[in-house]
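# Fold and geometry: a report
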Amino acid sequence: MHNLSIAQLINQLQTKAVSSRELTQHFLNRIAQLDPGYNSFVTVTAEQALAQADAADARLAQGNAPDLCGLPMAHKDIFCTQGVRTSCGSKMLDNFIPPYSATIVENYAAAGVVMLGKTNMDEFAMGSSNETSYYGPVKNPWATHCVPGGSSGGSAACVAARLAPAATASDTGGSIRQPASLCGISGLKPTYGRISRWGMIAFASSLDQAGLMARSAEDIALLLNTLTSFDAKDSTCVDHPIPDYRADLTKPLNGLRIGVPVEYFGEGLHAGTAAAVDAALKHYESLGARLVSISLPHSSLSVPAYYVIAPAECSANLSRFDGVRYGYRCKDPQDLEDLYRRSRAEGFGDEVKRRILIGSYVLSAGFYDAYYSQAQKARRLIQQDFVSAFQQVDIILGPTSPSPAFEFGSKGQDPVAMYLEDIYTIATNLAGLPGMSIPCGLVDGKPVGLQLIGNYFAESLMLNVAHQYQLGTDFHTLAPAAIS
Amino acid sequence: MEWETVIGLEVHVQLATKSKIFSGSSTAFGAEPNTQACAIDLAMPGTLPVANAEAFRMAVLFGLGINAKINQHSVFERKNYFYPDLPKGYQTTQLAEPIVGPGFLEIETAQGVKQVRIHHAHLEEDAGKSLHEDFHGMSGIDLNRAGTPLIEVVSEPDMRNAEEAVAFAKKLHALVTALEICDGEMSQGSMRFDVNISVRPKGQEKLGTRTETKNLNSFKFMDEAIELEVERQISVLESGGVITQETRLYNGDTKKARSMRSKEDSNDYRYFPCPDLLPVVLDDAYIEAVRQQMPELPAAKAVRYQTSFGLPAYDAGILSADSTTARYFETAAAASGQPKLAANWVIGEVSAQLNRHEISLQNCPVSADQLGGILQRIADNTITAKSGKTVFDALWQGEGQTADEIIAAKGLQVVSDTGALEKIIDDIIAANSAQVESYRAAPDDKKAKMLGFFTGQAMKASKGQANPQQLNAILLAKLQ
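Owing to the predicted nature of the structure, the values given are computational and were not obtained by experimental measurement. (Residues numbered from 1 in each chain as written. Chains lettered and ligands numbered in written order. Predicted model: local features only at pLDDT ≥ 70, side-chain atom pairs only at ≥ 80, totals over all residues. Heavy atoms only, no water.)

## Observations concerning the overall build of chain A
Quick note on the threshold: Note on conventions: DSSP H or I runs of at least 4 residues are helices, E runs of at least 2 residues are strands, and numbering of each starts at the N terminus. We take the radius of gyration over the C-alpha atoms and set the globule estimate at 2.2 Å times the residue count to the 0.38 power. To sort residues, take the accessible area from a 1.4 Å probe on protein chains only and compare it with the maximum for the residue type: under 20% means buried, over 50% means exposed, and anything in between is partly exposed. A contact between two residues is defined here by any heavy atoms of the two lying within 4.5 Å. For the purpose of charge, His is not counted, nor are the chain termini; Lys and Arg are scored as positive and Asp and Glu as negative. Every charge is mapped onto a representative atom, which is NZ of Lys, CZ of Arg, CG of Asp or CD of Glu.
Along chain A, the regular secondary structure elements total 15 helices and eleven strands. In terms of C-alpha radius of gyration, chain A reaches 21 Å, essentially the compact-globule figure of 23 Å for 484 residues. When the backbone C-alpha atoms are referred to their principal axes, chain A occupies close to 65 × 55 × 45 Å. Here chain A holds 484 residues, and the buried ones make up 64% of them. Taking contacts inside chain A between residues at least 6 apart in sequence as the whole, the part at least 24 apart equals 76%. Both charge centroids of chain A, one from 36 positive and one from 44 negative side chains, sit 2 Å from each other.

## Regarding the domain arrangement of chain B
Put simply, the rule reads: For each domain, the first and last residues come from an automatic or database assignment.
What the domain assignment reports for chain B is domain 1 (3-286), domain 2 (296-406) and domain 3 (418-479). The C-alpha centroid of domain 3 of chain B is placed 66 Å from the C-alpha centroid of domain 1 of chain B.

## Digging into the nonpolar core
What counts is decided by this rule: We define the nonpolar core as a collection of buried residues of types Ala, Val, Leu, Ile, Met, Phe, Trp, Tyr and Cys that are connected through side-chain atoms lying within 4.5 Å of one another.
Residues Phe124(A), Tyr284(A), Phe386(A) and Met436(A) are the most contacted members of the largest nonpolar core, which totals 148 residues. Counting 62 residues, the second-largest nonpolar core is a separate cluster that includes Ala55(B), Ala68(B), Ala162(B) and Val230(B).

## Brief notes about the interface of chain A and chain B
Where we set the bar: Joining two parts hides part of their accessible area as seen by a 1.4 Å probe, and the buried area is that hidden amount summed over both. Any carboxyl oxygen of Asp or Glu that lies within 4 Å of a side-chain nitrogen of Lys or Arg is treated as forming a salt bridge with it. Polar contact is defined as a pair of N or O atoms within 3.5 Å, subject to the rule that within protein one atom must be able to donate a hydrogen and the other to accept it, and that residues adjacent in sequence are counted only when both atoms are side-chain atoms. The nonpolar class holds Ala, Val, Leu, Ile, Met, Phe, Trp, Tyr, Cys and Pro. Asp, Glu, Lys and Arg form the charged class, and all remaining residues, Gly among them, are polar.
Contacts between the two partners involve 38 residues from chain A and, on the opposite side, 30 residues from chain B. For the chain A and chain B pair, buried surface summed over both sides reaches about 2700 Å², with 61% attributable to carbon and sulfur atoms. Among the residues chain A hides against chain B, the three largest losses belong to Ser235(A), Arg320(A) and Arg325(A). Together they make up 22% of the total. A salt bridge links Asp276(B) to Arg197(A); the nearest nitrogen and oxygen atoms lie 3.0 Å apart. Counting the contacts that link chain A with chain B gives 14 residue pairs in polar contact (both at pLDDT 80 or more). Elements that contribute at least two residues to the side of chain A that touches chain B include exactly α9 (302-317), α10 (336-347) and α11 (350-363) of chain A. Examining the composition of the side of chain A that touches chain B, we find that four residues originate from one element, α9(A), more than from any other. Classifying every residue of the side of chain A that touches chain B by side-chain character gives 21 nonpolar, nine polar and eight charged.

## Some words on a nonpolar patch on the surface
Residues and elements named next belong to chain A. Selection criterion: Exposure above 30% relative accessible area and no salt bridge define the residues that can form patches, which grow by joining like charges within 9 Å and nonpolar side chains of Val, Leu, Ile, Met, Phe, Trp and Tyr within 5 Å. Shrake-Rupley sampling with a 1.4 Å probe provides the accessible areas, and residues are treated as covered by the protein chains on show and by no other component.
Taken together, the side chains of Tyr361, Phe367 and Tyr371 present a nonpolar region at the surface, about 270 Å² in accessible area. Locating Phe367 in the fold gives a position in the loop between α11 and α12 (369-392). A residue is classified by how much of its surface remains accessible, and Phe367, at 33% relative accessible area, is partly exposed.

As structure tokens, then:
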């Protein structure tokens, strides 16, 4: 049952071949049995899930239930869930139970989707290996001595291990695409402003975007319409027409112009990854698409610009965690200063502290112009690279991350090496563009991903391009040996 | 040495929006602590701000009221600092691109009309309140005020003494209440004044080192605090000392000021544009639409009171200074059809009673319509002016709903019955034959004065309800 596609699961639910309770119980059993080996869930909401499943079954019995009714899925622990602890992977919020839900959580609940639990993640979404989580690292189902990527490592691993058909996730610099790549699944980060950020705990507000992880592009297309809604509670949410994301999946790719950026195939790219991506590009040619070599000349500015802007925003976004109103508070504070100092020193992990320090530094008097202003100018140049590129091509393809999953601890001592994990994904966040990763091969038994970068609001085209690839290849159906 | 004082003001004006600047919580004053603070105001994780359009409308109205340039592109920024009553750890405010650009207000000084320039005014959110009483060894936090919209008005250092500063403050108070963008309740913190003060030798161009006295919430305290600080600075300088740039607090009860923090302790606020709020772009049509909503401002009102109602400039000035007084006066004038009488009563009896009971006109127990009812009855000679005050007192005490009700209940109608008056006068003439004799014998120019005796007696006998004109006519006839 856990190997069925979402289209098949929906069909079984709607035809009552399987009940939501049976399906939900099946995934809960798998989580109980297998997740101790992966640590992909921080919280499993079994009781609530079964109650939601029963409610979904009642709706299905009445008829006219929404398409997704009764389908189980997991939510990244960055999304607030009313009455269910939302930790954001941090000791700081280990005791935080929100009195409200994120808009996207509400959207799925309203559609009758069952929440299995909350998935593990790098602390406050800061990390590319899931090693910064207060709840311990997530293990890659393909190779448990390797990282699943981050920050949405829990969502990626639980989908790869078939512990959930799909999961929500978030992407600030690659946090959906890189773990999707490392875990051999499909992941979509929509256009900035497409999905409401209400109830998603902020890391870097101008870059954060909620998205989806599932095994295939078709699965994602089936889930995306429920994720997407205009939300007046988020001032950066764009009131843009919402297409039926399933409608374009089957369009042929004849004449599609695929941009291949030279900058994404240079030094640092693993030879195996490069070969898998090249093979995927050739496959597209066989489908009638045309490859166009393009240049994104300011690509090298992405990582430095990102590591000024994201920490700057995070330094302010995380100021609210002060031990006063909710979250972690140090024992026996002596005075206000002590309360602040120790609550934050004890409540945050090292990577979060590092980014708050960087962010505070780049915004300080005397440094603002040299760092923050410059980074914003670089951001504009990076965005203009893409605007020019999309005048020549319809979509851009390349590698998602430089290499397959790496071993735990191998980059722990060198933050910059870790930051380079996102070298191909960060630019799309800076430009606000949608990005996607789909599996395109195995290197040494570990998956690698093909990245798709679309123009603003081109999610339908991206899903179409991904789906056409998946119709002719089977990388997205491969499961880790331990699972099958 | 002769010294010159230089004063600039920063004024926090709480906007009278129903809800907060970035959330839907109520802004009403005086609720139980933390009952008007939602998840956004508490800065719960994942919550986001949405700007309140009404706050923008009010800020634009203010800008138009000070003849300012409205910046059609304005940007919210985050001002970062830690304090328990600042839930997000930053205040959302405007810095580089405020909504209101340079403008000015005119004040009346001993030397005539003077223009005080306003550097800019920006929109921002208020913080909550720290409560240091009632919690042994701890502080309480009330976030009801957190997120209340403010405009901060920053003047140029154009004022030269406390009198000018207070005149500017009053002018600003009159403007924001007339625009109905602030309730003007200074005791509730609706307007709070920070005063920047420096002194320099007369004739010197370079400004002296300034201090900032924060959070003055009455014109009186502002006046006192300025006098005190100017005196202090001059005495420090004259004894060879230097002024340290610092923030000071003035205590209106003890009449003393103290240093709160020096510049060295000041924060680096690390301002940067707020990524949760987009730049706000106002087009010409919007600004024009707001301009159409501009209510009549105090200066225009004063002119109208003089030309349409024939009021003296002084009275017109008092009645137009704030919108509550103006509305009360105009309502009473319309209800009675007697603008001059209404003016006299509002400036006289009404304000005297309010002062005696130490309450504001907003809370006056006698409504403007009720006052209008009294004035109408005085004007049509149903009651005397003296009885009018009796009616006013009775309404104040809540003894009835309308003037007519009180007049009837107390039997205050003027006695115009000729027969009854003749009877009263006949009795007085009979009982005072000696006075009648000397009146009749007196020369004409003395008679007028002597008549007062009989008028007084007759009024007394009629319990003040005799129609004075009628009484006089009958008396004159009978004493011939």
